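# Summary of structural features
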Amino acid sequence: MTVSVEQARLTAAFLLEGPLPRRWSHVRAVGTKAEAIAGAVAEADRVVLAAAAWLHDVGYSPDLVDTGFHSLDGARWLRANGFDERVTALVAHHSCAWLEAEERGLGEVLAAEFPREVSSVADGLCYCDMTTGPDGQSLDVPARLAEIRSRYGPDALVTRFITRAEPDILAAAERTQTRLTAAGIAQPI
Ligand SMILES: [Fe+2]
């Protein structure tokens, strides 16, 4: 089923706004940023980027939690509810989730259930998520990574994951910034 940006936004609001208002602030900013940087991807990919950005954290919704790994839980829910397969797979792997899956012992499960797209869209999604703080504030990538580390603590699985993912996240953000510059689009951060 093809997804619209409006449908993605309404779905995310339905799942997150009430139970997780802080998470919703983050998601609202990530979705808005993805719409603003649409020119970093081909015209045909812009709805996919924006829809994936609005939906990327639905797996945190208490209604959806299953394994406790939000990327996988969110993608499974989107698939079960007939959402666009490409958007669903982007959510499954967003922001280097494949590395977090390995830390959780779910690497093979994630890879078997959802194909990983390597593209300007995946880069753009990572850029929007990794330049947006938990309250929706814009941060550069190093500040966002530091924020995650301090929020979860030095011994947390998420901190181990984000340290492993740092080179890939920085590279994805840099590629997106290069595309934005080439397209003459002012960077949101
Ligand atoms: Fe996020």
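Conventions adopted
- Residues numbered from 1 in each chain as written.
- Predicted model: local features only at pLDDT ≥ 70, side-chain atom pairs only at ≥ 80, totals over all residues.
- Heavy atoms only, no water.
- Axes fitted to C-alpha atoms, helices over the stretch in contact; angles between N-to-C directions.
- Helix = DSSP H or I, 4+ residues; strand = E, 2+ residues; numbered from the N terminus.
- Parallel < 35°, antiparallel > 145°, perpendicular 65-115°, else oblique.
- Left-handed = near helix turned anticlockwise from the far one by under 90°.
- Contact = heavy atoms within 4.5 Å.
- Nonpolar A, V, L, I, M, F, W, Y, C, P; charged D, E, K, R; others polar.
- Phe/Tyr/Trp six-rings, centres within 6.5 Å; stacked < 30°, edge-to-face > 60°.
- Buried < 20%, exposed > 50% of the residue type's maximum accessible area, 1.4 Å probe, protein only.

Packing of helix 4 (residues 70-80) against helix 5 (residues 85-92) brings their axes to within 8 Å, and their N-to-C directions diverge by 165°. Judged by the inter-axis angle, helix 4 sits roughly antiparallel to helix 5. Considering only the axes of helix 4 and helix 5, their crossing is left-handed. Each of S71, A75, L78 and R79 in helix 4 lies in contact with helix 5, whose residues at this interface are T88, V91 and A92. Among the residues making up the contact of helix 4 with helix 5, the classes are represented as four nonpolar, two polar and one charged.

Glancing now at unusual backbone geometry. Phi at S95 is positive, roughly 55°, even though this residue is not glycine. With respect to the secondary-structure elements, S95 resides in the loop between helix 5 and helix 6 (97-103). Backbone geometry at C96 places phi at a positive 65°, although glycine is not the residue there. When you line up the elements, C96 lands in the loop between helix 5 and helix 6.

Turning to the packing of aromatic side chains, a few remarks are in order. One pass over the full model with this rule turns up two aromatic pairs. For the ring pair W24 and W54, a centre distance of 5.9 Å and an interplane angle of 40° mean the geometry is tilted. You can see W24 sitting in helix 2 (residues 21-36) and its partner W54 sitting in helix 3 (residues 46-55), a full 30 residues away along the chain. Owing to a relative accessible area of 7%, W24 belongs among the buried residues under this scheme. Relative accessible area serves as the criterion here: at 3%, W54 is assigned to the buried category. Ring centres of W77 and F83 lie 5.9 Å apart, and the angle between their planes is 35°; this geometry places the pair in the tilted category. According to the relative accessible area criterion, W77 is partly exposed, its value standing at 23%. Relative accessible area serves as the criterion here: at 8%, F83 is assigned to the buried category.

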